[in-house]
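An overview of the molecular structure
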Amino acid sequence: MSLEEKLAAVRQATAQKLSAESRRTIAETIERNRMLQLAEQSLRVGDVLPDFALPDTEGRIVTSGELLDRGPLVAAFFRGEWCPYCDVALRDLDAAWPAIRDAGASLVGILPERPEQLQVTAELKGIDFPLLSDAESRFSALCGVRYAIPDEHITFYRRAGIDLGERSGTSAWWLPLPAAYVVRQDGVIVEAFVNPDWSYRAESEALVMAARAAAGETA
(Lines give C-alpha, C1' and ligand atoms only; values in the text may rest on other atoms or scores of the structure.)
Protein backbone atom coordinates (compact mmCIF):
# COMPACT_ATOMS: atom_id res chain seq x y z
CA MET A 1 0.00 0.00 0.00
CA SER A 2 1.39 3.40 -0.99
CA LEU A 3 1.74 6.25 1.47
CA GLU A 4 -1.07 8.14 -0.27
CA GLU A 5 -3.39 5.14 0.12
CA LYS A 6 -2.59 5.01 3.84
CA LEU A 7 -3.18 8.75 4.19
CA ALA A 8 -6.47 8.52 2.29
CA ALA A 9 -7.66 5.92 4.80
CA VAL A 10 -6.72 8.26 7.67
CA ARG A 11 -8.54 11.15 5.97
CA GLN A 12 -11.68 9.06 5.69
CA ALA A 13 -11.53 7.80 9.28
CA THR A 14 -10.83 11.30 10.62
CA ALA A 15 -13.71 12.85 8.70
CA GLN A 16 -16.09 10.24 10.10
CA LYS A 17 -15.18 10.83 13.74
CA LEU A 18 -15.02 14.65 13.70
CA SER A 19 -18.03 16.92 14.14
CA ALA A 20 -19.16 19.15 11.30
CA GLU A 21 -17.85 22.17 13.23
CA SER A 22 -14.41 20.59 13.66
CA ARG A 23 -14.24 19.66 9.99
CA ARG A 24 -15.12 23.25 9.09
CA THR A 25 -12.40 24.62 11.39
CA ILE A 26 -9.78 22.40 9.76
CA ALA A 27 -10.97 23.17 6.24
CA GLU A 28 -10.87 26.92 6.92
CA THR A 29 -7.26 26.75 8.16
CA ILE A 30 -6.19 24.79 5.09
CA GLU A 31 -7.99 27.23 2.80
CA ARG A 32 -6.34 30.13 4.64
CA ASN A 33 -2.93 28.56 3.99
CA ARG A 34 -3.85 28.24 0.31
CA MET A 35 -5.01 31.85 0.06
CA LEU A 36 -1.77 33.05 1.68
CA GLN A 37 0.09 31.05 -1.00
CA LEU A 38 2.47 29.68 1.60
CA ALA A 39 3.47 26.71 -0.53
CA GLU A 40 4.14 28.91 -3.56
CA GLN A 41 6.37 31.22 -1.49
CA SER A 42 8.33 28.45 0.21
CA LEU A 43 11.66 27.03 -0.93
CA ARG A 44 11.57 25.41 -4.35
CA VAL A 45 13.86 23.33 -6.55
CA GLY A 46 16.96 25.36 -7.36
CA ASP A 47 16.89 27.33 -4.09
CA VAL A 48 19.60 26.91 -1.47
CA LEU A 49 18.56 25.34 1.82
CA PRO A 50 19.25 27.77 4.71
CA ASP A 51 21.90 26.65 7.18
CA PHE A 52 20.59 25.13 10.38
CA ALA A 53 21.97 24.14 13.78
CA LEU A 54 19.25 22.23 15.64
CA PRO A 55 19.31 19.96 18.71
CA ASP A 56 18.46 16.28 18.38
CA THR A 57 16.58 14.11 20.89
CA GLU A 58 19.60 14.15 23.23
CA GLY A 59 20.19 17.88 22.92
CA ARG A 60 23.23 17.50 20.67
CA ILE A 61 23.44 20.23 18.04
CA VAL A 62 23.29 18.91 14.49
CA THR A 63 24.22 21.25 11.65
CA SER A 64 23.34 21.18 7.99
CA GLY A 65 27.00 21.73 7.23
CA GLU A 66 28.15 18.53 8.91
CA LEU A 67 25.40 16.53 7.21
CA LEU A 68 26.11 17.92 3.76
CA ASP A 69 29.82 17.21 4.23
CA ARG A 70 28.85 13.53 4.18
CA GLY A 71 26.63 13.64 1.13
CA PRO A 72 23.11 14.71 0.05
CA LEU A 73 20.48 15.48 2.66
CA VAL A 74 16.79 14.61 2.92
CA ALA A 75 14.98 16.93 5.34
CA ALA A 76 11.29 16.53 6.17
CA PHE A 77 9.04 18.66 8.38
CA PHE A 78 6.47 17.08 10.70
CA ARG A 79 3.86 18.60 13.01
CA GLY A 80 4.16 16.14 15.92
CA GLU A 81 3.38 12.63 17.07
CA TRP A 82 -0.18 13.72 17.95
CA CYS A 83 -0.95 14.25 14.24
CA PRO A 84 -2.37 11.07 12.65
CA TYR A 85 -0.93 12.00 9.26
CA CYS A 86 2.53 12.53 10.76
CA ASP A 87 2.20 9.15 12.43
CA VAL A 88 1.78 7.45 9.05
CA ALA A 89 4.39 9.60 7.30
CA LEU A 90 7.02 9.19 10.04
CA ARG A 91 6.72 5.41 9.96
CA ASP A 92 6.78 5.38 6.16
CA LEU A 93 9.93 7.49 6.01
CA ASP A 94 11.56 5.42 8.74
CA ALA A 95 11.02 2.35 6.56
CA ALA A 96 12.74 4.18 3.69
CA TRP A 97 15.68 5.32 5.79
CA PRO A 98 17.92 2.31 4.99
CA ALA A 99 17.53 3.00 1.25
CA ILE A 100 18.33 6.70 1.77
CA ARG A 101 21.36 5.81 3.88
CA ASP A 102 22.52 3.25 1.33
CA ALA A 103 22.38 5.99 -1.30
CA GLY A 104 24.95 7.90 0.73
CA ALA A 105 22.48 10.52 1.96
CA SER A 106 21.48 11.72 5.43
CA LEU A 107 17.88 11.95 6.64
CA VAL A 108 16.43 14.20 9.34
CA GLY A 109 12.91 14.90 10.53
CA ILE A 110 12.29 18.42 11.85
CA LEU A 111 9.52 19.04 14.40
CA PRO A 112 8.38 22.05 16.46
CA GLU A 113 9.03 20.19 19.71
CA ARG A 114 11.62 20.57 22.46
CA PRO A 115 14.26 17.79 22.55
CA GLU A 116 12.66 16.02 25.50
CA GLN A 117 9.36 15.79 23.64
CA LEU A 118 11.19 14.63 20.51
CA GLN A 119 12.59 11.72 22.51
CA VAL A 120 9.06 10.74 23.52
CA THR A 121 7.91 11.04 19.90
CA ALA A 122 10.73 8.83 18.63
CA GLU A 123 10.06 6.19 21.27
CA LEU A 124 6.28 6.19 20.78
CA LYS A 125 6.57 5.81 17.02
CA GLY A 126 9.63 3.56 16.99
CA ILE A 127 11.53 6.02 14.80
CA ASP A 128 15.20 5.28 14.21
CA PHE A 129 16.20 8.13 11.89
CA PRO A 130 17.32 11.39 13.53
CA LEU A 131 14.70 13.90 14.67
CA LEU A 132 15.65 17.55 15.20
CA SER A 133 14.01 20.20 17.36
CA ASP A 134 12.81 23.42 15.74
CA ALA A 135 10.93 24.38 18.89
CA GLU A 136 10.59 28.07 18.04
CA SER A 137 9.82 27.27 14.39
CA ARG A 138 12.59 29.60 13.22
CA PHE A 139 13.98 27.20 10.65
CA SER A 140 10.55 26.40 9.23
CA ALA A 141 10.05 30.17 8.89
CA LEU A 142 13.33 30.47 6.96
CA CYS A 143 12.10 27.76 4.62
CA GLY A 144 8.76 29.55 4.21
CA VAL A 145 6.66 26.68 5.55
CA ARG A 146 5.69 28.05 8.99
CA TYR A 147 2.11 29.14 9.57
CA ALA A 148 0.28 30.68 12.52
CA ILE A 149 -2.65 28.68 13.84
CA PRO A 150 -5.93 30.66 13.90
CA ASP A 151 -7.60 31.15 17.29
CA GLU A 152 -10.54 28.90 16.43
CA HIS A 153 -8.16 26.10 15.49
CA ILE A 154 -6.17 26.61 18.71
CA THR A 155 -9.43 26.10 20.61
CA PHE A 156 -10.03 22.90 18.65
CA TYR A 157 -6.58 21.59 19.57
CA ARG A 158 -6.98 22.50 23.23
CA ARG A 159 -10.29 20.66 23.37
CA ALA A 160 -8.52 17.63 21.93
CA GLY A 161 -5.89 17.85 24.67
CA ILE A 162 -3.14 19.07 22.33
CA ASP A 163 -1.06 21.88 23.84
CA LEU A 164 1.46 22.91 21.21
CA GLY A 165 2.92 25.56 23.47
CA GLU A 166 3.78 22.95 26.09
CA ARG A 167 5.22 20.59 23.48
CA SER A 168 7.49 23.27 22.04
CA GLY A 169 8.29 24.95 25.34
CA THR A 170 7.32 28.32 23.88
CA SER A 171 4.25 30.54 24.02
CA ALA A 172 3.87 30.66 20.23
CA TRP A 173 1.49 28.40 18.35
CA TRP A 174 3.15 27.71 15.02
CA LEU A 175 3.20 24.63 12.84
CA PRO A 176 5.06 23.74 9.64
CA LEU A 177 3.33 22.79 6.44
CA PRO A 178 4.13 19.22 5.40
CA ALA A 179 7.36 19.74 3.49
CA ALA A 180 10.26 17.61 2.33
CA TYR A 181 13.46 18.59 0.58
CA VAL A 182 16.25 16.63 -1.05
CA VAL A 183 19.41 18.72 -1.02
CA ARG A 184 22.59 18.29 -3.03
CA GLN A 185 25.96 18.55 -1.26
CA ASP A 186 26.33 22.14 -2.44
CA GLY A 187 23.11 23.01 -0.59
CA VAL A 188 20.91 23.31 -3.69
CA ILE A 189 17.45 21.76 -3.44
CA VAL A 190 16.83 19.16 -6.16
CA GLU A 191 13.48 17.82 -4.95
CA ALA A 192 10.80 19.72 -3.06
CA PHE A 193 7.37 18.87 -1.69
CA VAL A 194 5.17 21.40 0.12
CA ASN A 195 1.41 21.26 0.57
CA PRO A 196 -0.97 23.61 2.43
CA ASP A 197 -3.02 20.53 3.39
CA TRP A 198 -1.18 18.49 6.06
CA SER A 199 -3.05 15.31 5.12
CA TYR A 200 -0.81 15.00 2.05
CA ARG A 201 2.86 14.05 2.24
CA ALA A 202 5.84 13.39 -0.01
CA GLU A 203 6.10 9.80 -1.18
CA SER A 204 9.22 8.25 0.33
CA GLU A 205 9.97 6.48 -2.96
CA ALA A 206 10.33 9.85 -4.69
CA LEU A 207 12.67 11.07 -1.94
CA VAL A 208 14.80 7.92 -2.20
CA MET A 209 15.08 8.29 -5.98
CA ALA A 210 16.03 11.97 -5.68
CA ALA A 211 18.62 11.15 -3.01
CA ARG A 212 20.17 8.52 -5.25
CA ALA A 213 20.27 10.96 -8.16
CA ALA A 214 21.84 13.67 -5.97
CA ALA A 215 24.45 11.22 -4.71
CA GLY A 216 25.24 10.23 -8.29
CA GLU A 217 25.85 13.86 -9.23
CA THR A 218 28.53 14.20 -6.56
CA ALA A 219 30.06 10.72 -6.83
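The structure presented is a predicted model; accordingly, all values stated were derived computationally and were not measured. (Residues numbered from 1 in each chain as written. Predicted model: local features only at pLDDT ≥ 70, side-chain atom pairs only at ≥ 80, totals over all residues. Heavy atoms only, no water.)

1. So, the pairing of strand β9 (residues 189-194)
What counts is decided by this rule: By definition, two strands form a pair when at least two bridges between them are found by DSSP. Runs of E in the DSSP output that reach at least two residues are strands. Runs of H or I that reach at least four are helices, and both are numbered from the N terminus.
Note: strand β8 (residues 179-183) against β9, five bridges, orientation antiparallel. Bridge assignment links Ala180 to a residue of β9, and that residue is Phe193. Counted between consecutive antiparallel strands, the loop separating β8 from β9 contains five residues, among which Gly187 sits at a positive phi close to 90 degrees.

2. Let's talk about helix α8 (residues 151-159)
Quick note on the threshold: Burial here depends on accessible area, computed with a 1.4 Å probe over protein chains only, as a share of the maximum for the residue type. Under 20% is buried, over 50% is exposed, and the range in between is partly exposed. This arc corresponds to the set of directions leading from the helix axis out to the C-beta atoms. The contact criterion used is simple: two residues touch if any of their non-hydrogen atoms lie within 4.5 Å.
Inspection of α8 places His153, Ile154, Phe156 and Tyr157 among the buried residues, and these make up the whole buried set. The buried residues of α8 occupy an angular sector of 155 degrees when projected down its axis, which confines them to one face. Among the exposed residues of α8, those oriented more than 90 degrees off its buried face are Asp151 and Arg159. Those residues of α8 that are buried are in contact with α2 (20-35), α9 (164-168) and β7 (174-176). Just downstream of α8, Gly161 is the residue with a positive phi angle, here 80 degrees.

3. Some details on the pairing of β8
Taking burial as the measure, the five residues of β8 include five buried ones, the bulk of the element. Burial along β8 is two-sided: Ala179, Tyr181 and Val183 facing one way and Ala180 and Val182 facing the other are all buried. As judged from the five bridges shared by strand β3 (residues 73-77) and β8, these two strands associate in the antiparallel manner. For Val74, the partnering residue across the bridge sits in β8 and is Val182.

4. Digging into the packing of aromatic side chains
Going by this rule: Stacked, tilted and edge-to-face pairs are distinguished by plane angle, under 30 degrees for stacked and over 60 for edge-to-face with tilted covering the rest, among Phe, Tyr and Trp rings (Trp via its six-membered ring) whose centres lie within 6.5 Å. In this scheme, the term charge over a ring applies when either NZ of a lysine or CZ of an arginine sits within 6 Å of the ring centre and within 35 degrees of the ring normal.
Within this structure, the stated rule accounts for five aromatic pairs. The interplanar angle of 20 degrees and the centroid separation of 5.9 Å between the aromatic rings of Phe77 and Phe139 together place this pair among those described as stacked. Highlighted residues: Phe77 in strand β3 and Phe139 in helix α7 (residues 138-142), separated in sequence by 62 residues. With a centroid separation of 5.2 Å and 70 degrees between ring planes, the pair formed by Trp82 and Tyr157 is classed as edge-to-face. Taken together, the residues Trp82 in the loop between β3 and α5 (84-102) and Tyr157 in helix α8 connect sequence positions 75 residues apart. Considered together, Trp82 and Tyr157 belong to a single accessibility category, that of buried residues. A network of ring pairs unites the aromatic residues Phe52, Phe77 and Phe139 as a single cluster. Positioned above the aromatic ring of Tyr200, the side-chain terminus of Arg11 is 4.0 Å from the ring centre. A cation over an aromatic ring shows up here: Arg101 above the ring of Trp97, its NZ or CZ 4.4 Å from the ring centre.

5. A closer look at the nonpolar core
Just so we agree on the cut-off: Definition of nonpolar core: a set of buried residues of the types Ala, Val, Leu, Ile, Met, Phe, Trp, Tyr and Cys, connected through side-chain atoms within 4.5 Å.
Leu49, Phe78, Phe129, Tyr157 and Tyr181 are the most contacted members of the largest nonpolar core, which has 69 residues in total. By residue number, the principal contributor to this core is α5, which donates nine residues.

6. Looking at the packing of α2 against α8
When two helices pack together, you describe them by how their axes are tilted relative to each other and by the distance separating the axes. Test applied: Each axis is a line fitted through C-alpha atoms, and for a helix only the stretch in contact is used; angles between axes span 0 to 180 degrees, taken between their N-to-C directions. If an angle is under 35 degrees, it is roughly parallel; if it is over 145, roughly antiparallel; if it lies from 65 to 115, roughly perpendicular; otherwise it is oblique. Crossing handedness is defined as follows: a turn of the near helix away from the far one that is anticlockwise and smaller than a right angle gives a left-handed crossing, while the clockwise case is right-handed. Note that Gly is not counted as nonpolar here; it falls among the polar residues with everything else outside the nonpolar set of Ala, Val, Leu, Ile, Met, Phe, Trp, Tyr, Cys and Pro and the charged set of Asp, Glu, Lys and Arg.
It is at 9 Å that the axes of α2 and α8 come closest, and there the two elements cross at 130 degrees. The orientation of α2 with respect to α8, classified from their angle, is oblique. The two elements α2 and α8 cross, and the hand of that crossing is left-handed. For the pair α2 and α8, the contacting residues are Glu21, Ser22, Arg24, Thr25, Ile26, Glu28 and Thr29 in the first and Glu152, His153, Phe156 and Arg159 in the second. Per-class residue counts for the contact of α2 with α8 are two nonpolar, four polar and five charged.

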